[in-house]
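So you can see what is in the structure, the chains are spelled out below.
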Amino acid sequence: MTDTIRAIPDRLQSPLERRLKSWETLLFAVAVSIFIVNSFTSPYFLNAWNLSDMTFNFTEKAMIAFAMALLIIAGEIDLSVASIIALASTAMGAAVQVGIGTPGLVAIGLGVGLLCGAFNGVLVTRMGLPSIVVTIGTMSLFRGISYIVLGDQAYRGYPSDFAFFGQGYVFWVISFELVLFALIAVIYFVILHKTNFGRAVYAIGNNPVGAEFSGIRVARVKFILFLLTGLMSGVAAICLTSRLASTRPSIAFGWELEIVTMVVLGGVSILGGSGLIPGVVIAAFVMGLVTFGLGLLNVPGIVMSIVIGALLIGVIALPRLWDKWRS
Amino acid sequence: MKRRIFTSMVAGMSLAAGLMGTSAMAQDNMRIALVVKALGIGFFEAAAEGAEEAAAELGNVEVIYTGPTDTTAEGQIEVINSLIAQGVDAIAISANDPDAVAPALKRAMQRGITVISWDSGVNEEGRMMHLNPSSTALIGNTILKLAADHMPDGGQVAILSASATATNQNAWIAAAEEVLPNYPGIDLVATVYGDDLSDKSYREAQGLMASYPDLKAIIAPTTVGILASCQAVSDAGKIGEINVTGLGLPSEMAGCVASGATESFAIWNPIDLGYSATMIAHALASGAVAEPGAEISTGRMGSVTLDDTNSAAMSDPFTYDASNIDQFKDIF
């Protein structure tokens, strides 16, 4: 009820006012303050190479987070992304053993990602199963295959030019991964905010039945979103495998929750229907800044998880409390 | 409005940068990072204790004890990145994955950081040297010596191993057989395999007691086998007649030592391991060179010599008995 009242205000805010009060502005302020706090607490923070190293903490996760944001906006979710990384990485590792070169490896990584995404997509859109159930299942399935193939072994021996994806620098401290991250951010910004497809994603998230009756092919859009998420997991698998120069079945373990955290922190409603790509970009930096800043102070990892959790709850709860207090 | 925010931000940052210069200069201790598989594991907490001991002995050394929350390679890489950023002098790591952490450690070495691995090693390209807790020859000798120490008149001993295909155990047993002539009067009558299963090991130990009534000692170079043998000896009422020894964990073996079924047993000592790793990291960061054949001093532990792969063995496994078991049983 309150939602409908808020949707029809008696006075429209000016665009500037709206922008200043937006989630993204709040998040940006949080990012800047973390940046400043970090600069004061650690003498090692403001250093180009160190800041460049920091970006590796989030670039791969953020690539998937963009696709995940679209999926969550459309009211679905994919919890199998980290397992897709494991499977794609295992496939690439197996390919290395039979002597396939870098272009082939990239194709295999992307291909396995797409196949896994398609598998999820078919189960959700054709069989009408809830995506959370399907992807919890495939989360075990995909990683399970990696464990069967590898056991306690590892694939290594990746070609030296393959190392560029995860360890290469395009210009000075600007890593290839950071450039790729920026490029993917722009692509997803255009897809979500400038195309009919993006409008369809919002429409489906807000009201799937209404979207269907408006002539949007809901199942097809959702299927494409699962494909995209699989594809981005493949891209992340290439970068991470290249960075580690080896594959073990435990690769990227637990990333799915960090990626969902990033998306939600970025202002995407977990119930679907709203959220912006710039928010996810800032959220990626916030998480990277927090973990790296605390890492510089040698704060134990478990405290870091607590801080991230508190940040997530805090950033989401505070605006609600503020609204309540004012009304 | 926006510009003002930006200006104040820049001002804040430059102020921060100014402050940093001063605090960075106050830093002249050598900083050695002890990176473990995961925080909150007794074995590694004990290693950190040893590292602090070494730091106190060396003086002007600060130990940074750190590691990820769970035993993942990605977590360790984030930790390594932050240590590179801090410009620590040395990293001593027990790796979750010998391959995955190597690229990050290689980068650390490129930035002038001394990198060694200990306990769980890193590929050769990712470290300057690796410190093994012990070596095959030392372990083989120790398990035999532990039995012989409590058999002044000699007698029969038997070995209860893990599986017949277990690489580690087979190597240790072969090493023990090689030094057998050094222990006159000790007669190795049988080697049986309990497959590292409690019930099978228990039955094999019973079988040994039935087949060799004069048996004086059972040597089990496996944590499962030693515990099962101790149980079998206690249940048969042969405490005092048959001494169970080998490699075991203090937390599991405390009961056996208390009952007298086990006089003493061995395993690497995590405190010594952390101590030696810190000593070596300090030596290498102060200019010592890690190359095959090099000898590096490890303080109260003596010294280690590097082999062809730049690996070294710390010492004999540490012996645990009634005098020190209580101190270690809570650690690991």
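Just so you know, these numbers come straight off a predicted model, no measurement behind them.

Calculation rules
- Residues numbered from 1 in each chain as written.
- Chains lettered and ligands numbered in written order.
- Predicted model: local features only at pLDDT ≥ 70, side-chain atom pairs only at ≥ 80, totals over all residues.
- Helix = DSSP H or I, 4+ residues; strand = E, 2+ residues; numbered from the N terminus.
- Buried ≥ 20, exposed ≤ 12 C-beta atoms within 10 Å, placed from the backbone.
- Contact = placed C-beta atoms within 7 Å.
- Rg over C-alpha atoms; globule rule 2.2 N^0.38 Å.
- Pairing = 2+ DSSP bridges.
- Axes fitted to C-alpha atoms, helices over the stretch in contact; angles between N-to-C directions.
- Domains from an automatic or database assignment.
- Parallel < 35°, antiparallel > 145°, perpendicular 65-115°, else oblique.
- Left-handed = near helix turned anticlockwise from the far one by under 90°.
- Nonpolar A, V, L, I, M, F, W, Y, C, P; charged D, E, K, R; others polar.
- Expected span 1.5 Å × (residues − 1).
- Arc of directions from axis to C-beta.

## Here we look at the overall build of chain B
Part 1: Of regular secondary structure, chain B possesses 11 helices and 14 strands.
Part 2: Based on the C-alpha atoms only, the size of chain B along its principal axes is roughly 90 × 45 × 35 Å.
Part 3: By the burial criterion, 49% of the 332 residues in chain B qualify as buried.
Part 4: Taking all contacts inside chain B whose residues are at least 6 apart in sequence as the whole, residues at least 24 apart take part in 71%.

## Concerning the overall build of chain A
Part 1: For chain A, the helix and strand inventory stands at 16 helices and two strands.
Part 2: Its C-alpha radius of gyration of 20 Å places chain A within 12% of the 20 Å reference for a compact globule of 327 residues.
Part 3: In terms of overall dimensions, chain A has C-alpha extents of about 70 × 55 × 35 Å along its principal axes.
Part 4: Residues counted as buried form 46% of the 327 residues belonging to chain A.
Part 5: Considering only contacts in chain A between residues 6 or more positions apart, those separated by 24 or more positions represent 78%.

## What about the sheet that holds strand β2 (residues 61-66) of chain B?
Residues and elements named next belong to chain B.
Part 1: Strand order in the open sheet formed by six strands is β2-β1-β3-β4-β5-β13, and the pairing between neighbours is parallel. Looking at the sheet topology across the chains shown, the edges are occupied by β2 and β13 (311-313). Taken over all neighbouring pairs, the strand axes of this sheet differ in orientation by 20° on average, direction set aside.
Part 2: In the sheet, strand β4 (residues 114-118) pairs with strand β5 (residues 129-132) via three bridges, with the strands oriented parallel. Each bridged residue has a counterpart across the sheet, and for Trp118 the counterpart in β5 is Leu131.
Part 3: Docked against the sheet, helix α3 (residues 73-86) engages β1 (30-35), β2 and β3 (90-93), running at close to 175° with respect to β1.

## Concerning the pairing of strand β10 (residues 264-267) of chain B
All names here are of chain B.
Part 1: Because side chains alternate across β10, one face comprises the buried residues Ser264 and Ala266, and the other comprises Phe265 and Ile267, equally buried.
Part 2: Bridge count between β10 and strand β14 (residues 318-321): four bridges; the pairing is antiparallel. When the bridges of β14 are listed, Ala266 appears paired with Thr319.

## A few points about the domain arrangement of chain B
Part 1: Domain boundaries assigned for chain B yield domain 1 (22-133 + 270-315) and domain 2 (136-267).
Part 2: Distance between the C-alpha centres of domain 1 of chain B and domain 2 of chain B: 34 Å.

## Observations regarding the pairing of β5 of chain B
Residues and elements named next belong to chain B.
Part 1: Neither face of β5 is open: one carries Met129 and Leu131, the other His130 and Asn132, and all of them are buried.
Part 2: Pairing of β5 with β13, which is carried by three bridges, proceeds in the parallel orientation. Paired with His130 across the bridge in β13 is Ser311.

## Description of the packing of helix α14 (residues 255-265) of chain A against helix α16 (residues 301-326) of chain A
Residues and elements named next belong to chain A.
Part 1: At a minimum axis distance of 10 Å, the contact between α14 and α16 shows a crossing angle of 30°. By the angle between their axes, α14 is roughly parallel relative to α16. Considering the relative orientation of α14 and α16, their crossing is left-handed. In this structure, α14 uses Thr261, Val264 and Leu265 to contact α16, whose residues at the interface are Ile308, Leu312 and Val315.
Part 2: Residue classes in the contact of α14 with α16 are distributed as five nonpolar, one polar and no charged.

## Observations concerning the interface of chain B and chain A
Part 1: Counting residues at the interface gives 31 residues for chain B, matched by 32 residues for chain A.
Part 2: Looking at the side of chain B that touches chain A, the elements that each hand over two or more residues are α1 (2-25), β2, α3 and α4 (102-110) of chain B.
Part 3: Looking at the side of chain B that touches chain A, the element that brings in the most residues is α3 of chain B, giving 10 residues.
Part 4: Grouping the amino acids of the side of chain B that touches chain A by side-chain chemistry returns 17 nonpolar, 10 polar and four charged.

## Digging into helix α7 (residues 198-211) of chain B
Since the α-helix turns once every 3.6 residues, residues separated by three or four places project in the same direction.
All names here are of chain B.
Part 1: Over its 14 residues, α7 extends 20 Å from the first C-alpha to the last, a length consistent with the 20 Å expected when each residue adds 1.5 Å.
Part 2: Regarding α7, the residues found buried are Ser201, Tyr202, Glu204, Ala205 and Leu208. On an axial view of α7, the arc spanned by its buried residues comes to 165°, and they lie on one face. Exposed side of α7, more than 90 degrees from the buried face: Asp199, Ala210 and Ser211 are the residues found there.
Part 3: Contacts from the buried residues of α7 go to β6 (155-161), β7 (186-193), β8 (215-220) and α8 (223-235).

## Brief notes about the packing of helix α7 (residues 102-126) of chain A against helix α13 (residues 218-244) of chain A
Each packed pair of helices is defined by two parameters, the angle between the axes and the distance between the axes.
Residue and element names in this part refer to chain A.
Part 1: In the contact formed by α7 and α13, the axes pass within 7 Å of each other and the chain directions differ by 150°. Accordingly, the angle class assigned to the pair α7 and α13 is roughly antiparallel. For the pair α7 and α13, the crossing hand works out as right-handed.
Part 2: Partitioned by chemical class, the residues of the contact of α7 with α13 number 15 nonpolar, 10 polar and one charged.

## A word on the environment of Pro98 of chain B
Part 1: Position of Pro98 of chain B relative to the elements: it lies in the loop between β3 and α4.
Part 2: In contact with Pro98 of chain B, not counting residues within four places along its chain, are Gly121, Val122 and Asn123 of chain B.

## Topic: the environment of Ile259 of chain A
Residues and elements named next belong to chain A.
Part 1: Residue placement: Ile259 occurs in helix α14.
Part 2: Taking the C-alpha atoms as reference, Ile259 lies 14 Å from Thr291; in sequence the two are 32 residues apart.
Part 3: Not counting the four nearest positions on each side in its chain, Ile259 is found in contact with Lys61, Ile64, Ala65, Met68 and Val81.

## A few points about helix α6 (residues 81-97) of chain A
Part 1: A rise of 1.5 Å per residue sets the reference length of α6 of chain A, with its 17 residues, at 24 Å; its end C-alpha atoms lie 25 Å apart and thus fit the reference within 8%.
Part 2: With 14 of 17 residues buried, α6 of chain A is to be regarded as a mostly interior element.

## Thoughts on the sheet that holds β6 of chain B
Residue and element names in this part refer to chain B.
Part 1: With respect to topology, four strands assemble into an open sheet ordered β7-β6-β8-β9, the strand pairing being parallel. Whereas interior strands pair on both sides, the edge strands pair on one side only; in this sheet they are β7 and β9 (243-246). Taken pair by pair, the neighbouring strands of this sheet meet at an average axis angle of 25°, ignoring direction.
Part 2: By the bridge criterion, four bridges tie β8 to β9 in an arrangement that is parallel. Along β9, the bridge assignment pairs Ala220 with Gly246.
Part 3: On the sheet, helix α5 (residues 136-149) packs against β6, β7, β8 and β9 and is oriented at approximately 160° with respect to β9.

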